[in-house]
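# Observations on the three-dimensional arrangement
Below, each chain spelled out in residue letters.
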Amino acid sequence: MRRSFGLSDASCGQDHPGPVVSRGNDLNPMSLPFPRPGVPLPSSGVLGRHWSAAVALVLTALPLAGASANDGGRAVLEELRGFRTMGTVLMIAAHPDDENTQLIAYLSRGRNYRMGYLSVTRGDGGQNELGPEFGAELGLARTQELLAARAVDGGRQFFTRALDFGYSKDYRETLRIWDHQQVLADVVRVIRTFRPDILVTRFSPLPGNTHGHHTASAVLAVEAFKLSGDPQAFPEQLAEGLTTWQPKRIFLNGGASGRAPQAASTGVTRIEVGGTDPVSGESFGAIAVRSRSMHKTQGFGGLSAVGSSGPRQESFTPLDGGPAPADIMDGIDTTWNRVPGGGEVGRLADEAIAAFKTDDPAASVPALLAIRLRLAALPADRLLDEKRRQLDHILQACLGLTVETTVPRGEVVPGETLALHHVARISTQVPVRWIAVRYPAAAPATESASGVAGDLPVGREVSLDASIQLPAGTAVSQPYWLREPPTAGMFQVDDPTLIGRPENPPVFPIELVFAVGGQTLLVPDQPVQLTTDPLKGAVRRKLDVIAPVTLHFTTPVRLFAPGSSRPVEVEVTANRAGSAGMLALEAPAGWKISPAAQPFGLGEPGSRATLTFTVTAVAGSGAADLVAAATVGGARFDTDRKAIDYAHIPRQLLQPVARLKAVSLELAVRATKIGYLPGAGDDVAECLEQMGCTVTPLTGADLTAERLGGFDAVRIHDWELAAGWFGGAVKRGPGNAGLKHVAGVGCYTGRHAGL
């Protein structure tokens, strides 16, 4: 490992008048509160929007240079109040944008509760107002939109493995496709992990005039409420280290269409959720609108906060649990007194809050260190461990301690060396000593750069350079729920500890170790690439692990007559200079590939070569997945590549397995001249051409009887659009719901595949 140590003030700029914050990369998705709205993020230190993948991120936003020191002090004070508060609420609904963002903002920012939203799906079945991504790609974008929304309203985000497979009229159908027991296990897992006192559904568990996914989400919530405290339910979770947890109550929030129970509501609790955020002064209604506007792929980007600052009541209809006549938390102890031995921690926290100076947060460091010692004496526990991390974060903010680790490029190949540049800076007079940097993911497993520097000088950056090798066996980056092919209704996840989390953990976690007041403070971090965008300004991109080459089939599907042979092309793109190796196609028994493998050699990054294989289908009908695999330097790589890049969310890199669907079937084509009007994300024209058809693209202006008369068939992406354009000229054909007749021409909509 190469090390160099330096001290520099050239890039420090103006001193921050108050404490600033660093990014954490704790692997627990429930770790700490989100930044408060209306308070800008610091210009130094790690963060922007690229937070740690496994944590639903956990920072208090603090002021830029030139902002009032009290802004940062108030943010730290509210986080300290959040540390003192033990109340927890979990909202459960079906999709991104089903959540009540004002309720989330009020409970998290107004009451300082731990507030979470469990979206049963990632919204994979929705539409996209911004671009061509659909299915799993859209689900990835909507996941990031939910994280962006939670960064605004202060909540935390969770998911199950359920796939949004499209509209369902019946919740029983939904649960059957999802696999009822698997998705129920996921909801129970999130409850046992997050430990909410209260569950809140957004839809009624009684069937009504709404999406089957909506009703199913409420049915699952009610069932999970009854099972999460039962040690006989999903005992494999207890073997992993989770414990049973019984929420006190479950409510249905709101009475909008599809949400009110069919029976008369009794014992409804109402609470006022208006008011303003104590740090920014922004109304909870305005925060809610800004949060909801993050769902830009769904067309919510133009929402206005005008008129959102007045009073607003939310209703809660009990579904199970004890009565709550005045408040959803009636009779529930939300203080540290609920924790055995925790009363002293609560008392010390109360004293620290009473004495806190918003213009001098560093004055609270001795009190925080005293709380830290008392908290360390309590036993290990999932929730207490989270509180320990939260207290460390508050301590770091009061110290004005920021850290950042940068790398020259945001992509690394397994086995390569990472050139890490660590920076630490303190803006207060409290003595802090930087004593080590640790790399838990390095080989060997823990490698420490000890004896870093000594005491940090006030207002000046201290840096450390290190060269650390990424283990050769590190997997390429891919969202954990997309690593394996899904079923019709569920993503497949091999590692159960990832279930529920919104994102992957960091690929290369880092721990910077400091000494303060005789105690050791560990600050988690992860490498980022720092770039400048003309519109966004400074952009921090988290580290991705990539293959040395990208493999791409030139077509996603190839049709074969049984026993026939056809060429299949694979494009190989270099991600590193001088990439060379062997490319092979892997196929199931009965399919033949020639040649078995081919060599390739590429020059500069971005250079390409197209290799052609001859594939012979099985003798009968059938389908198979062909996988392209390259061997480079003795290691196997089999991934394609696609980036999703929208301005309102961090850039996302997808690296799915390079896979081609090969289909062997006897195909009779009666219509060879096809007129074709495509829809969004529509690649049917290529499939029609593989069937031997001649395809002519059409526009709306072409949809006349005269223009279409020369075609054997016309394919239109949507039946309603076809009916709207043709009016009475379009009617259903006899014996085939997908066939329409227009002036004697067969017209097919995008809902039907046959010709």
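This text goes with the structure placed above it.
Throughout what follows, the structure given in this document is the object of discussion. (Residues numbered from 1 in each chain as written. Predicted model: local features only at pLDDT ≥ 70, side-chain atom pairs only at ≥ 80, totals over all residues. Heavy atoms only, no water.)

### Digging into the overall build of the protein
Heads up, the condition is: Per the convention used, a helix needs a DSSP run of H or I reaching at least four residues, while a strand needs a run of E reaching at least two, with both numbered from the N terminus. Accessibility here uses a 1.4 Å probe with only protein chains present; expressed as a share of the type maximum, an area under 20% marks a residue as buried, one over 50% as exposed, and anything in between as partly exposed. Whether two residues touch is decided by their heavy atoms; if any such pair falls within 4.5 Å, the residues are in contact. Here the accessible surface of atoms and residues is derived via Shrake-Rupley with a 1.4 Å probe, and residues count as covered only by protein chains that are part of the display.
Across its full length, the protein carries 14 helices and 37 strands. Taken across its 755 residues, the protein has 55% of its residues classed as buried. Contacts in the protein between residues far apart in sequence, at least 24 positions, make up 74% of those at least 6 positions apart. Accessible area for the protein stands at about 28,800 Å²; split by element, carbon and sulfur atoms hold 53% of it.

### A closer look at the environment of G489
Of note, G489 is situated in the loop between β14 (461-469) and β15 (510-516). Judged by relative accessible area, which is 0%, G489 ranks as buried. Here the alpha-carbon distance between G489 and D179, two residues 310 residues apart in the chain, equals 7.0 Å. If sequence neighbours within four positions are ignored, G489 has contacts with R161, A162, L163, I177 and W178.

### Quick notes on the environment of F613
Inspection of the secondary structure assignment puts F613 in strand β26 (residues 608-616). Note: C-alpha distance between F613 and S594 (19 residues apart in sequence) is 5.7 Å. Ignoring sequence-local partners within four residues, the contact set of F613 consists of R566, P567, V568, L583, A584, L585, I593, S594, P595, A597 and Q598.

### Observations concerning the sheet that holds strand β5 (residues 198-201)
Selection criterion: The criterion for strand pairing is that DSSP finds at least two bridges linking the strands in question. To get an axis, a line is fitted to the C-alpha atoms, and for a helix only the part in contact is used. The angle between two axes follows their N-to-C directions and goes from 0 to 180 degrees.
Strand order in this open sheet of seven strands is β4-β3-β2-β5-β6-β8-β7, and the pairing throughout is mixed. Only two strands of the sheet have a single neighbouring strand rather than two, namely β4 (156-159) and β7 (269-272). This sheet shows a mean twist of 30° between the axes of neighbouring strands, independent of strand direction. Both strand β2 (residues 88-93) and strand β3 (residues 114-119) contribute to a ladder of six bridges, which runs parallel. Within β3, the position partnered with V89 by the bridge is M115. Set on the sheet, helix α2 (residues 101-110) makes contact with β2, β3, β5, β6 (249-253), β7 and β8 (313-321); between it and β3 the angle comes to about 150°.

### Some points on helix α4 (residues 171-178)
Rules: What the arc describes is the spread of directions from the helix axis to the C-beta atoms. Polar contact is the term for a pair of N or O atoms within 3.5 Å; when the atoms are in protein, one must be able to donate a hydrogen and the other to accept it, and sequence-neighboring residues count only if both atoms are side-chain atoms.
Taken together, the buried positions of α4 are occupied by T174, L175 and W178. Projected down its long axis, α4 shows its buried positions confined to an angular sector of 95°, all on one face. In α4, those exposed residues whose orientation departs by more than 90 degrees from the buried face are R172 and R176. Each element contacted by the buried residues of α4 is listed here: α5 (180-194) and α6 (212-227). One side-chain oxygen of the residue at the start of α4 lies 2.6 Å from the amide nitrogen of R172, identifying that residue as D170. D179 lies just past α4 and shows a positive phi near 80°.

### Looking at the packing of aromatic side chains
Here is the rule we go by: Paired rings are identified among Phe, Tyr and Trp, the last through its six-membered ring, by centres lying within 6.5 Å, and are further divided according to the angle between planes into stacked (under 30 degrees), edge-to-face (over 60) and tilted (the rest).
In the structure shown here, the tally under the stated rule is eight aromatic pairs. Ring centres of F83 and W336 lie 5.4 Å apart, and the angle between their planes is 45°; on these two criteria the pair is classed as tilted. Here W336 lies in the loop between β8 and α9 (343-355) and F83 lies in helix α1 (residues 69-84), a separation of 253 residues in the sequence. With respect to burial, F83 and W336 carry one shared label: buried. A ring pair is formed by F158 and F194, whose centres lie 5.0 Å apart and whose planes are at 55°; its orientation type is tilted. In this pair, F158 is assigned in strand β4 and F194 in helix α5, connecting sequence segments 36 residues apart. Overall, F158 belongs to the buried group, its relative accessible area being 1%.

### Brief notes about unusual backbone geometry
Residue S594 is joined to P595 through a cis peptide bond whose omega torsion reads -10°. Inspection of the secondary structure assignment puts P595 in the loop between β24 (592-594) and β25 (597-601). If you check the backbone angles, D97 has positive phi at about 80° while not being a glycine.

### Structural notes on the packing of α4 against α6
The condition is simple: Oblique is the label for any angle not covered by the other classes, which are roughly parallel (under 35 degrees), roughly antiparallel (over 145) and roughly perpendicular (65 to 115). Here the nonpolar group is Ala, Val, Leu, Ile, Met, Phe, Trp, Tyr, Cys and Pro; Asp, Glu, Lys and Arg are the charged ones; every other residue, Gly included, is treated as polar.
Contact geometry of α4 with α6 gives a least axis separation of 8 Å together with a crossing angle of 75°. As far as their axial angle goes, α6 and α4 are roughly perpendicular. Every residue of α6 that contacts α4 at Y171, T174, L175 and W178 is listed here: G212, H213, T215, A216, V219 and L220. Across the contact of α4 with α6, the residue classes break down as six nonpolar, four polar and no charged.

Geometric values such as these leave the question of function open.
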